[in-house]
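Tertiary structure, described
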Amino acid sequence: MFTTALAQREKTQLGKLPLDLFAAIESLKKELNAVILAHYYQEPDIQDIADFIGDSLQLAKAAEKTNADAIVFAGVHFMAETAKILNPDKLVLLPDLNAGCSLADSCPPEAFAAFKAAHPNHLVVSYINCSADIKAMSDIICTSSNAVKIVQQIPKEQPIIFAPDRNLGRYVMEQTGRDLVLWQGSCVVHETFSEKKIVQLKIAHPEAEAIAHPECESSVLRHASFIGSTAALLNYCQNSPTKEFIVATEPGIIHQMQKLAPDKHFIPAPPMNNCACNECPFMRLNTLEKLYWAMKNRTPEITMSEDIRLAALRPMQRMLEMSV
Ligand code: 13P
Ligand code: SF4
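This report concerns the structure included in the present document. (Residues numbered from 1 in each chain as written. Chains lettered and ligands numbered in written order. Predicted model: local features only at pLDDT ≥ 70, side-chain atom pairs only at ≥ 80, totals over all residues. Heavy atoms only, no water.)

**With respect to the overall build of the protein**
Rule in force here: What counts as a helix is a DSSP run of H or I of at least four residues, what counts as a strand is a run of E of at least two, and both are numbered from the N terminus. Values of the radius of gyration come from C-alpha atoms, whereas the globule rule sets the reference at 2.2 Å times the count of residues to the power 0.38. Accessibility here uses a 1.4 Å probe with only protein chains present; expressed as a share of the type maximum, an area under 20% marks a residue as buried, one over 50% as exposed, and anything in between as partly exposed. We get accessible surface area from the Shrake-Rupley algorithm with a probe of 1.4 Å; when it comes to residues, only the shown protein chains can shield them.
Along its length, the protein carries 16 helices and 12 strands. Compactness check: the protein gives a C-alpha radius of gyration of 20 Å against a globular reference of 20 Å for 324 residues, within 12% of the reference. For the C-alpha atoms alone, the extent of the protein along its principal axes is close to 55 × 50 × 35 Å. Buried positions account for 58% of the 324 residues belonging to the protein. Surface summary for the protein: the accessible area is close to 13,700 Å², and the carbon and sulfur share equals 53%.

Okay, structure coming up:
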């Protein structure tokens, strides 16, 4: 599905980069009648030039509503694919086609089809962090901000497969009291946080509150006083009287936290090793330069077969109906 980075560069980065990239992107936006949608994990420059920033649910809703002719998706592949599922006639661009997702990759379609066949009569609820092929095999899609709400709406006697994130699945089980059959996928970023270092930070900053994304492991979630999607974490920081937070999710979100609550202090939760592994290596493949080239050359474009799109659209629409 993905081209190599070099092949993509050769195909997309032809010509000279303008001096004022921000102005050049603004002008391409008018030329294409495009909207730039960005996830909170994107680098600060991309967040600042985006027309809309949000979590996965907000971005899916924004993609569904837009009147633009082109959607430039500053996020990862499954997010741009979701925009295409909802907008078959629009041009959907992703600045770097290699911006995948470890969670989506942890659920290959053939293996998932066999898993599904081994659990007949189960309803399949899939986290939006999955490929269009997995969405096409699902009954309802959810995001981290509506997973609990969606599972709560399913009759109690109905057995459910939850895929692909085992951590979000376990969190939903705890919140709903439901017994879900979990696909054992996970996110490399949210599994990297160190419980020991978070505890050490809490001791060093006794006034700070730890907050976490539900993709984190339970060893991290148990230290959090608030758990939620990126948008929910942002909202919590703004409205809480607390002045200092230890943030256990991808640190790209801290750019918005600092903008919206400039008087507060945000500490990124550290990874286990001395690395930058708390930054999503896929999200960070997108750069302002690549965003410019994507708009200038109208590529890389997201495409998919109409059969898969229609099959993936049905559970997406169910999610949108169930999360109003
Ligand atoms: P949300 O956007 O739902 O908070 O999910 C975070 C994430 O990992 C996206 O890949
Ligand atoms: Fe995927 Fe994790 Fe990156 Fe989100 S943070 S895009 S779940 S790898």
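**Remarks on the site of ligand 2**
Worth spelling out the cut-off: In these notes, residues near a molecule or strand are those with any non-hydrogen atom within 4 Å of it. Residue type decides the class: Asp, Glu, Lys and Arg count as charged, Ala, Val, Leu, Ile, Met, Phe, Trp, Tyr, Cys and Pro as nonpolar, and the leftover types, Gly among them, as polar.
Taken together, Tyr 41, Val 76, Cys 101, Ser 102, Asn 129, Cys 187, Val 189, Glu 215, Cys 280, Phe 282 and Met 283 make up the full set of residues near ligand 2. Of the residues that constitute the shell around ligand 2, the class distribution is 8 nonpolar, 2 polar and 1 charged.

**A few points about the pattern of salt bridges**
Applicable threshold: Whenever a carboxyl oxygen of Asp or Glu lies within 4 Å of a side-chain nitrogen of Lys or Arg, that contact is scored as a salt bridge.
Tallied over the entire structure, the rule returns 10 salt bridges. Of the charged contacts in the structure, one is a salt bridge between Asp 51 and Lys 29, with a shortest N-O distance of 2.8 Å. Here Asp 51, found in the loop between helix H3 (44-49) and strand S2 (52-54), pairs with Lys 29, found in helix H2 (residues 21-32); they are 22 residues apart in sequence, far enough to count as distant. Across the pair Arg 284 and Glu 250 runs a salt bridge whose closest N-O atoms are separated by 2.9 Å. A residue pair is termed long-range when its members are at least 10 positions apart, and Arg 284 in the loop between strand S12 (265-268) and helix H15 (288-297) and Glu 250 in the loop between strand S11 (244-248) and helix H14 (253-260) qualify at 34 residues. Owing to a relative accessible area of 26%, Arg 284 belongs among the partly exposed residues under this scheme. Salt bridges here are not isolated pairs; linked through shared partners, they connect Glu 26, Lys 29 and Asp 51.

**Structural notes on the pairing of strand S1 (residues 34-39)**
Under the convention used in this document: Two strands make a pair as long as DSSP finds a minimum of two bridges between them. A clockwise course of the path from the first strand over the helix to the second, judged with the strands pointing away from the viewer, identifies a crossover as right-handed.
Buried residues dominate S1, accounting for 6 of its 6 residues. Burial along S1 is two-sided: the residues Ala 34, Ile 36 and Ala 38 and Val 35, Leu 37 and His 39 are all buried. Across 5 bridges, the pairing between S1 and strand S3 (residues 70-74) is parallel. From the neighbouring strand, Ala 34 faces S3, where its bridge partner is Ala 70. Sheet topology places S1 next to S2; 3 bridges connect them, and they run parallel. Opposite His 39, over in S2, you have Gly 54 as the bridge partner. Handedness of the crossover joining S1 and S2 through H3 is recorded here as right-handed.

**Some words on helix H10 (residues 166-176)**
Count 3.6 residues to each turn of an α-helix, and residues three or four apart come out pointing the same way. The condition is simple: The criterion used for residue contact is that any of the two residues' heavy atoms lie within 4.5 Å. Polar contacts, as counted here, are pairs of nitrogen or oxygen atoms within 3.5 Å of one another; within protein the pair requires one atom able to donate a hydrogen and one able to accept it, and residues that are adjacent in sequence qualify only if both atoms are side-chain atoms.
For H10, the set of buried residues is Asn 167, Leu 168, Gly 169, Tyr 171, Val 172 and Thr 176. Those residues of H10 that are buried are in contact with strand S5 (123-127), helix H9 (147-152), strand S7 (160-163), strand S8 (180-182), helix H12 (218-221) and strand S10 (226-227). For H10, the side-chain oxygen to backbone nitrogen distance between the N-cap and Asn 167 is 3.2 Å, and the N-cap itself is Asp 165.

**Notes on the packing of aromatic side chains**
Going by this rule: In this analysis, rings of Phe, Tyr and Trp, with Trp reduced to its six-membered ring, are considered paired at centre separations within 6.5 Å, and the interplanar angle assigns stacked below 30 degrees, edge-to-face beyond 60, and tilted for intermediate values.
Enumeration over the complete set of coordinates arrives at 7 aromatic pairs. Their ring planes at 75° and their centres at 6.4 Å tell us that Tyr 236 and Phe 245 sit as a pair that is edge-to-face. The exposure class of Tyr 236 is partly exposed, given its relative accessible area of 22%. Their ring planes at 65° and their centres at 5.1 Å tell us that Tyr 292 and Trp 293 sit as a pair that is edge-to-face. The exposure class assigned to Trp 293 is buried, which follows from its relative accessible area of 5%.

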